[in-house]
Amino acid sequence: MDHEHETTPCHPIGVESIMEKIQHLQVTIEESRRYLLPYVKVLEDEDNALLSSSAPSNDGRDYSDALIAEESLHCLEECYTSVNVLVNQLADSGLINLEQSNTVHLNSEEENVYLLMAANCIGKADFVGQHFVKLAEADSLTNESGPIDDVVGVENKVVQPCMARMAELSLRVAQLQTTIIPSEMSSTYDGNDDEEDITPESIIDAYSHYQRRCLRSRSKPAISSLAELRQLATSQNCFVSDILEEDRRRQQYEIEINNDDGNGQVDETTTARAQPHAQAITVLLGEASSLIQPLAAWRDGLIPSQQGAQDIASLLKQMCEEAMEILDNEAQKLAVTVGAWFRPDQRGITTLEHNGNERQEAADLLSIESSLEEMAFMCQVLSRYSTFSRQTVLRDESNKDSSGSELQNLLTEQSLHYSTFETRLATLQFNQALSLATPQLIELGRPSLKVPSIVEDAHFVCVRAIDRAAGTRSERAVWTVGHWVTEVWGVDPGGGMLGESVKGVYQALTEGVGCIGEPPAEQDNQHNAGQGSPSKPENAFAAALLEAVDDGDDYGGRQDHARTGTNSAPASGGLSSALWGTLGGGSKAHSLQTRIDAEMCCLNGIVASENSCKALSNLFADLVDEQLEGDQDNSDAKKTSMLTFAKEELASHARSYHNLLKQRVRGLVSDLCGADDLFDCDGKLCLQNLRLFVEDEVYNLNASSFRSMEDEERLDAEIIAPIRRSQIFEEIGRDKCDGTVVLQMAEEMSLKSSEIILSVLLKSEIPKEFNDWGALLLSKQVRLLQNTFSGLVLGSGDTEEACNTSSILTQFNRVNQAVSILQLEKPSDWLMFAYKADGGDDTSLTADEIKKVMRLRVDFSEEAIATVCSQISAN
């Protein structure tokens, strides 16, 4: 009875399932091997030209890189899936522990047999790694050379993702063999002796070198094209830049021919090969970045487990890092090689390096600038990739060979050379601009408005240099160029980076360079001929005027001024009749007008220089803001300090040019309109006429005389008409002055008019006498002057800022205070109506001056005046 209840022994390890999974894996591997065999034969063919005889012609397969990669990945995925299913079955049966490496529970010899059979089958999965290694080492069937890779220019990229996935599958299979199967079991498996053992290390090495081959293959066309150019230049005994320049000229010629024929199209084959060195480096580092970036994203997405170095995530991370480092090293090595070719291939750079004479350097300006454009772009590319490499590629700092310093050294060297060559080129261009400086039109539709060309040329040179330097992403380059720019626009004479013999813009303007439209040779001859004469004053017009005076007759006697006749002022604009007789119609008259035009042109140049300094200062301010925005923790504060210094220095130069404008306008107004001590105030200049008019005017009036003396025609003829006929008004009417110059002239004439009136009121030997009618008359006369000078500015039709007349009214603040005091009914009223001008104490009357003005009123008692003035002083 007991035998009837005996049961058949069960198999707790699941023998049927294990055997089924083993058989499925064997079938999958064999089918995949058979399916991929034609691809393997084609790839193993050493000569791709024999592809037609190697590849079956009737199997209907596409033997392209993309299809081979996709078909291989599909087969290897199936193999790995079968391996993974078998491993999970072994784990479910309790034969292996997936959580602990090399931990196997063997309860009987039977279990040992089944595990050995599974290990033997898993060992055959080496096919996955072996096939991947063959693909990684094979040559492309689609591209002209290099490994199996995506076709350049095709958007659908499939080869690289497939190769990465196959590398991962190979690592997973190899990791299963080394971590799950115990060592005593793995020793019993005899693999295929004809195939090399596949280990995680060999897979990582194969994938890393595959990526290196891809980089070299992708960058080969650009580097080979450059090498061919260098060979051609060597055979022709010239520079590569000479060949490129010839290409550009030929292309320009073909464009002109096509335009003449009505065909604006140019064949692509005629396109000039521009910047081959920068193009090669850009392609090289761009391809390196495109290969490194996906690996970096893959690496950063891996999360290693607790199993240590044999964890699959750790192995994949190691593979990514080694591939990235090999790519980075190869990219840097090739970039350094190409970078070393650049300088010897450029005629312009060689000219600068050998310190040729200025004539030779000037002849090569175009070549030098073209070389610097390419060098600046190279520096930018090197800097961007260097930053990318530093942030992406994790290197072993203890390994000096993998420090990645080669590219950084090249960048430092290129930046240093660029900084030196950029400032030398800018100096050459500035010198050439000086030698060719002439008056130039600055606005269409205004043919008389001119500015020295040196100002616009210098601004253009500086902006080009700053933009190029900023494009290099090199602080050293921007600092160096910024220092040069501040020297060009500085107020100090030439020196420093400009050289001792080079003028800056400020010195060029003070010497009148480019303000007279004469050939440079004539200017030089005139300068040489005048070396024996006394030194000329800084104001060129004043020099001509004094020269004319020295040649004229005695003009010391005071003549009747022209207030009472129609000959109120000569048509020339207020010059004395004796002086005009000396200049009349001859060459000196022409020279005087020429120098007036030159002075107007110079004043426009000074305004343009002020605006240029402001614009350049704002350009540096933008560079400072860009650097601060890119550095949130303010670690670049020291770097931006130099840019801030350049910005502030240029702002200071702008103020210096404004002060120079005031100085030159003051001298010009004195020469053309008159000053207190010029020609003993003979009244032939408009402001001298104003002084004589105020001195002779009677302000102690009754109602009847007031009506006759305030007549508009009288005041216009005796005060305003001489001013409107003055030389300055005539030159402004011919549209020779910028709006800012006109405003400055109007301010200066307003200031001088105000000083003249106050001087007559406060300093005359015979004090003027005023009553309330006379105060009204003076008030009207002052108002007419204000309207005249304001109308001069408003009539210039320039910018809103230049047409602001508030500054003109400010010049009359002291006179207006004096008029207000003279219009008081009694002195004590000033205590109620007293005010200070907007300009502060400098534009307000002092207590002593208030006292003198009150004394001019014939009906104000000394006692009342003294009482008011004592209270003013007390306050």
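In what follows, the structure referred to is the one given above.
Keep in mind the model is a prediction, meaning the values are calculated, not measured.

Q: Would you mind going over the environment of Gly674 with me for this structure?
A: Along the chain, the position of Gly674 falls in the loop between α23 (637–673) and α24 (686–696). Linking Gly674 and Met749, residues 75 residues apart in sequence, is a C-alpha distance of 9.8 Å. Discounting chain neighbours no more than four positions away, the residues touching Gly674 are Val669, Leu685, Leu687, Gln688 and Lys752.

Q: What is the right way to read the packing of helix α14 (residues 365–392) against helix α15 (residues 405–435) from this model?
A: For any two helices packed against each other, the geometry is given by the interaxial angle and the distance between the axes. α15 packs onto α14 with a crossing angle of 150 degrees between their chain directions and a minimal axis gap of 9 Å. Relative to α15, α14 is oriented roughly antiparallel. Regarding α14 and α15, the two cross each other, and that crossing is left-handed. Residues of the contact of α14 with α15, tallied by class, amount to 16 nonpolar, eight polar and three charged.

Q: Just checking my understanding: could you explain helix α8 (residues 200–235) for this structure?
A: Structural remark: α-helix, 3.6 residues per turn; residues separated by three or four positions point the same way. With 36 residues, α8 extends 50 Å from end C-alpha to end C-alpha; this agrees with the ideal 52 Å at 1.5 Å per step. Just past α8, the residue Asn237 takes up positive phi, approximately 55 degrees.

Q: Sorry, what's going on with the packing of aromatic side chains here?
A: Here a ring pair, both rings aromatic, is described through the centre-centre distance and the interplanar angle of the planes. With the rule as written, the count across this model stands at nine aromatic pairs. When the ring of Trp489 is compared with that of Tyr657, the centres are 6.4 Å apart and the planes differ by 75 degrees; the resulting orientation is edge-to-face. Of the two residues, Trp489 is situated in the loop between α17 (475–488) and α18 (505–510) and Tyr657 in helix α23; the sequence distance between them amounts to 168 residues. The buried category is assigned to Trp489, whose relative accessible area is 0%. The interplanar angle of 15 degrees and the centroid separation of 4.6 Å between the aromatic rings of Tyr699 and Phe770 together place this pair among those described as stacked.

Q: Just to check I follow, could you spell out α17 for this structure?
A: A rise of 1.5 Å per residue sets the reference length of α17, with its 14 residues, at 20 Å; its end C-alpha atoms lie 20 Å apart and thus fit the reference within 8%. All of the buried residues along α17 are Ala477, Val478, Val481, Gly482, Trp484, Val485, Thr486, Glu487 and Val488.

Q: Help me out: how do you make sense of the pattern of salt bridges in this one?
A: Pairing is possible between side chains of opposite charge, provided their charged atoms come close. In total, this model carries 39 salt bridges according to the counting rule given. Salt-bridge contacts for Arg213 lead to Asp139; the nearest nitrogen and oxygen are separated by 2.7 Å. Residue Arg213 is located in helix α8, and its partner Asp139 is located in the loop between α5 (126–137) and α6 (159–179); the two are separated by 74 residues in the primary sequence. What makes Asp139 partly exposed here is its relative accessible area of 38%. Close ionic contact of Arg347 with Asp242 constitutes a salt bridge, the shortest N to O distance being 2.7 Å. With Arg347 in helix α12 (residues 347–353) and Asp242 in helix α9 (residues 240–260), the pair connects residues that are 105 residues apart, well separated along the chain.

Q: Is there a simple way to explain the nonpolar core in this structure?
A: Inside soluble globular proteins, nonpolar side chains tend to come together where they are buried. In this structure, Phe132, Trp489 and Met745 are the most contacted members of the largest nonpolar core, which totals 212 residues. Considering each element in turn, this core owes the most residues, 14 residues, to helix α22 (residues 587–629). Setting aside chain neighbours within four positions, we find Trp489 in contact with Val455, Ala458, His459, Cys462, Val505, Ser609, Ser612, Cys613, Leu616, Leu650, His653 and Tyr657. In terms of nonpolar packing, the next biggest core, distinct from the first, is built from five residues, Leu229, Ala233, Ile243 and Leu244 among them.

Q: When you look at the packing of helix α29 (residues 772–794) against helix α31 (residues 813–822) in this model, what are you seeing that I'm missing?
A: Contact geometry for α29 and α31: axes closest at 9 Å, N-to-C directions at 160 degrees. When the interaxial angle is binned, α29 and α31 end up roughly antiparallel. Viewed along their axes, α29 and α31 form a crossing whose handedness is left-handed. Residue-level contacts link Ala775, Leu778, Ser779, Val782 and Gln786 of α29 to Val815, Asn816, Val819 and Leu822 of α31. Looking at the contact of α29 with α31 residue by residue, the classes come out as six nonpolar, three polar and no charged.

Rules of the game
Residues numbered from 1 in each chain as written. Predicted model: local features only at pLDDT ≥ 70, side-chain atom pairs only at ≥ 80, totals over all residues. Heavy atoms only, no water. Helix = DSSP H or I, 4+ residues; strand = E, 2+ residues; numbered from the N terminus. Contact = heavy atoms within 4.5 Å. Axes fitted to C-alpha atoms, helices over the stretch in contact; angles between N-to-C directions. Parallel < 35°, antiparallel > 145°, perpendicular 65-115°, else oblique. Left-handed = near helix turned anticlockwise from the far one by under 90°. Nonpolar A, V, L, I, M, F, W, Y, C, P; charged D, E, K, R; others polar. Expected span 1.5 Å × (residues − 1). Phe/Tyr/Trp six-rings, centres within 6.5 Å; stacked < 30°, edge-to-face > 60°. Buried < 20%, exposed > 50% of the residue type's maximum accessible area, 1.4 Å probe, protein only. Salt bridge = Lys/Arg side-chain N within 4 Å of Asp/Glu carboxyl O. Core = buried A, V, L, I, M, F, W, Y, C linked by side-chain atoms within 4.5 Å.

No statement about biological role is implied by the geometric values presented.
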